[in-house]
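Tertiary structure, described
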Amino acid sequence: GLTEDENGYITGKANNKNALYVVVTADRGMCGGYNMNIIKEVISHINEEKIEKAYVILVGNKGKKVFQKAGIEIVEC
C-alpha cells in the first residue's frame, strides 16, 4: 500500500480534476469582509488548481449567488 508520503490525496498532488469544497459563510452580512474573502479564496483555488468540475457544500446563505454565477455547482445549502 501507499505510505502517507506517497498518497496524492494527502499531499495534495493527486491528479483528480474534480473537487468538493465545504464553505462556511454567514447568514447575515455582519462579518466584515469574511464572506467575500472566503468565497474569493475558494474560486481562486479552483482556478489555480485547474479544477474541471467543482462542487460546493455551502453552510450559510451568503455566497450562493456568487457561486452560481461562477458556474460552481452547489450540492447542498
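We now turn to the structure provided with this report. As the structure is a computational prediction, the values presented were derived from the model and not from experiment.

Calculation criteria
Residues numbered from 1 in each chain as written. Predicted model: local features only at pLDDT ≥ 70, side-chain atom pairs only at ≥ 80, totals over all residues. Heavy atoms only, no water. Helix = DSSP H or I, 4+ residues; strand = E, 2+ residues; numbered from the N terminus. Buried < 20%, exposed > 50% of the residue type's maximum accessible area, 1.4 Å probe, protein only. Pairing = 2+ DSSP bridges. Core = buried A, V, L, I, M, F, W, Y, C linked by side-chain atoms within 4.5 Å.

**Considering unusual backbone geometry**
The backbone phi angle of Lys50 is positive, close to 55 degrees, even though this residue is not glycine. Among the secondary structure elements, Lys50 is positioned in the loop between α2 (34-48) and β2 (53-59). Residue classification places Lys50 among the exposed positions, given a relative accessible area of 62%.

**Considering the pairing of β2**
Along β2, the buried face is formed by Ala54, Val56 and Leu58; none of Lys53, Tyr55, Ile57 and Val59, which line the opposite face, is buried. The pairing of strand β1 (residues 18-24) with β2 spans seven bridges and is parallel. Bridging across to β2, Leu20 finds its partner in Tyr55. Note that β2 and strand β3 (residues 73-76) share three bridges and pair parallel. Note on β3: the bridge partner recorded for Ile57 is Glu76.

**Considering the nonpolar core**
Counting 12 residues, the largest nonpolar core is built from Ala19, Tyr21, Val23, Ile39, Val42, Ile46, Ile51, Ala54, Val56, Leu58, Phe67 and Ile72. Within the residue set of this core, elements represented by two or more residues are β1, α2 and β2.

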